[in-house]
Amino acid sequence: MTTATAAPRTNGPRPEETAAPRQNPPTFLSDPYPTLARMREAAPVSVLHSDGGLRLWIIPRYADVRAALFDRRLAQDARRAQALADSRFEGVNLGAEITHMLSSDPPDHTRLRRVVQAAFSRKRVEAMRPMVERVTLELLDGLDATVARPTTGAPTATVDLIRDFAFPLPILVVCELLGFPPEDRDLYRTWSTAIVTQEGDQEAFRRAVQEMGAYVLALADRRARRNDRPDDLLTELLAARERGELTDDEIVGMVALLLIGGHETTVNLLGTSCLALLREPGQAAWLRADPARMPMAVEEFLRYDSPICMATTRFTTEPVEVGGVEIPKDEFVLLSLGAANRDPARFQDPDRLVLDRRDAGHLAFGGGIHRCLGALLGKLEAEVALTALLARFPGMTLACQERDLRWRNTMMLRGLESLPLTLRR
Ligand code: HEM
């Protein structure tokens with residue numbers, strides 16, 4: 001995403017042409033909130049131009065973002081979006097090679113979501129708790145082992161919490177859910193990174209989509225040949241294909257969405273929550289004193305540093321008025337969940353982490369028909385992982401200066417690239 005340029009003419013007041021984040025400046029990546037606050041204060045809508053030249057209308061205020069999430073005049077169908085982009089801008093790739101429920105409108109969206117909805121019910125997610133606990137404990141044992149074998153005399157070890165814990169945990173959980181080989185998890189991570197940061201490298205994006213598609217269909221074929229029907233989501237997807245409810249492309253799209261949606265977000269949440277607790281040891285001690293406080297704290301972590309900073313791109317199918325500004329038909333719109341969740345008009349003292357805030361109105365999971373399908377699973381993973389981590393390593397500290405931390409190179413997601421920690425027993 002890049003610089004602001006002249007805003008298009010509207011019937012209402014002109015939207016603010018904001019001082020937009022430039023090509024991933026480290027300051028925006030490490031702390032986007034001052035920029036988002038300026039945008040939110042300046043106007044209900046700001047106009048930015050992406051690197052690819054796409055004009056984007058950004059909505060940052062809580063009430064407007066919430067209303068837009070439920071507004072059916074904002075559509076998401078990837079093929080229509082691509083056709084619209086092709087008719088107006090040159091060389092913009094919106095990733096329409098993969099279509100899934102998040103890039104579909106009803107009735108396709110309704111059909112695709114229905115196929116997997118039951119797998120994410122409260123009951124089914126609660127049944128995954130023992131598996132999530134087992135995976136968490138195995139990973140913590142792995143970290144513990146590095147502390148137990150110090151290379152120097154001191155019983156400490158430096159680990160990268162993202163690489164060694166926050167990434168493997170949700171990806172292993174999604175692998176269990178889907179019935180995918182966990183040993184290929186680094187492959188999934190490579191594809192996923194190429195797909196979510198598609199603006200950077202179109203070639204890597206296309207390669208990732210092709211490789212992932214071939215991988216998923218080969219796995220499905222192996223199962224079909226062996227008549228192998230384990231109790232997992234891939235079996236359910238293949239049964240839906242047999243019933244004629246899903247095509248091959250839709251199976252690939254579904255798997256891509258679950259693999260990516262199921263781990264990118266949770267990795268980010270674990271990393272930023274852990275960093276927030278390192279900054280505020282008093283809050284960590286308060287949490288450790290009573291693990292029953294964790295579900296409430298996770299809601300606050302989700303509000304405070306929302307893993308998806310900008311919801312996926314939508315486009316207007318009719319003119320839409322936002323806070324007195326009219327966004328014309330056929331314009332691309334971004335909803336800033338990160339800005340909405342720090343809006344002082346909705347949350348008192350929004351830039352402060354208040355773990356017992358008891359105000360769960362955040363929009364970190366979106367809203368409306370596309371509200372996160374895996375919200376209960378994501379929260380379960382965070383609750384289990386953070387509780388166990390705090391209990392196992394009460395004395396963990398940051399192993400570098402905070403200003404040296406590296407953040408994901410995208411303004412759509414909010415997450416750490418790595419989190420070096422010193423662990424001690
Ligand atoms: C803390 C973790 C998570 C966060 C913060 C999160 C956030 C979100 C958000 C904001 C959306 C809506 C995006 C939009 O409207 O543009 C979404 C959609 C979705 N998420 Fe999550 N997510 C999380 C975890 C998960 C997990 C664990 C899964 C599955 C394994 C998952 C699967 C999905 C799916 C399938 C959708 C599309 C729903 C639809 O289009 O109807 N998410 N997520």
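The structure presented is a predicted model; accordingly, all values stated were derived computationally and were not measured.

Engineer: For this particular structure, what's the right way to read the overall build of the chain?
Structural biologist: Regarding its fold elements, the chain presents 17 helices and 10 strands. Across its three principal directions, the C-alpha atoms of the chain cover 70 × 55 × 40 Å. Relative to its 425 residues, the chain shows a buried fraction of 56%. Relative to all contacts within the chain whose residues are 6 or more apart in sequence, the contacts with residues 24 or more apart total 72%. Here the chain has roughly 18400 Å² of accessible surface; of this, 50% comes from carbon and sulfur atoms.

Engineer: In this structure, what is going on with the coordination of the iron atom of the ligand? I would like to understand it.
Structural biologist: By definition of the ideal shapes, a tetrahedral metal site with four donors has angles of 109.5 degrees and an octahedral site with six donors has angles of 90 or 180 degrees. If you check the protein contacts of the iron atom of the ligand, you find one donor only, Cys372 (SG), at 2.3 Å. When you line up the elements, Cys372 lands in the loop between α16 (337-340) and α17 (375-392).

Engineer: Explain the environment of Pro107 to me, please; I cannot follow it from the model alone.
Structural biologist: Looking at the element boundaries, Pro107 is found in the loop between α4 (78-88) and α5 (108-117). A residue is classified by how much of its surface remains accessible, and Pro107, at 64% relative accessible area, is exposed.

Engineer: Got a minute to help me understand the site of the ligand in this structure?
Structural biologist: In the region of the ligand, 28 residues are neighbours, and His109, Arg113, Thr312, His370 and Cys372 sit closest. Separating an oxygen atom of the ligand from a side-chain N or O atom of Arg113 is a distance of 2.7 Å. Measuring from an oxygen atom of the ligand, one finds a backbone N or O atom of Ile369 at 3.4 Å. For the shell around the ligand, the elements supplying multiple residues, two or more each, are α5 and α13 (248-279). Take the shell around the ligand: its biggest share by element is seven residues, from α13.

Engineer: Please explain empty space enclosed by the protein as it appears in this structure.
Structural biologist: For the structure on display, the rule yields one cavity of 30 Å³ or more. Empty space within the largest cavity amounts to approximately 60 Å³. Contributing to the lining of the largest cavity are Phe28, Leu29, Pro32, Cys309, Trp407, Arg408, Thr410, Met411, Leu413, Arg414 and Gly415. For the lining of the largest cavity, the residue count by class is seven nonpolar, two polar and two charged.

About the criteria used
Residues numbered from 1 in each chain as written. Predicted model: local features only at pLDDT ≥ 70, side-chain atom pairs only at ≥ 80, totals over all residues. Heavy atoms only, no water. Helix = DSSP H or I, 4+ residues; strand = E, 2+ residues; numbered from the N terminus. Buried < 20%, exposed > 50% of the residue type's maximum accessible area, 1.4 Å probe, protein only. Contact = heavy atoms within 4.5 Å. Areas by Shrake-Rupley, 256 points an atom, 1.4 Å probe, with all protein chains shown as cover. Donors = N, O, S within 2.8 Å, 3.2 Å for Na, K, Ca; no water. Near = heavy atom within 4 Å. Polar contact = N/O pair within 3.5 Å; in protein donor to acceptor, adjacent residues only side chain to side chain. 1 Å grid on protein atoms, 1.4 Å probe; cavity = no way out; pocket = protein on both sides within 12 Å on 5 of 7 lines; lining within 4 Å. Points joined across faces, edges and corners; volume = space filled by probe spheres on them. Nonpolar A, V, L, I, M, F, W, Y, C, P; charged D, E, K, R; others polar.

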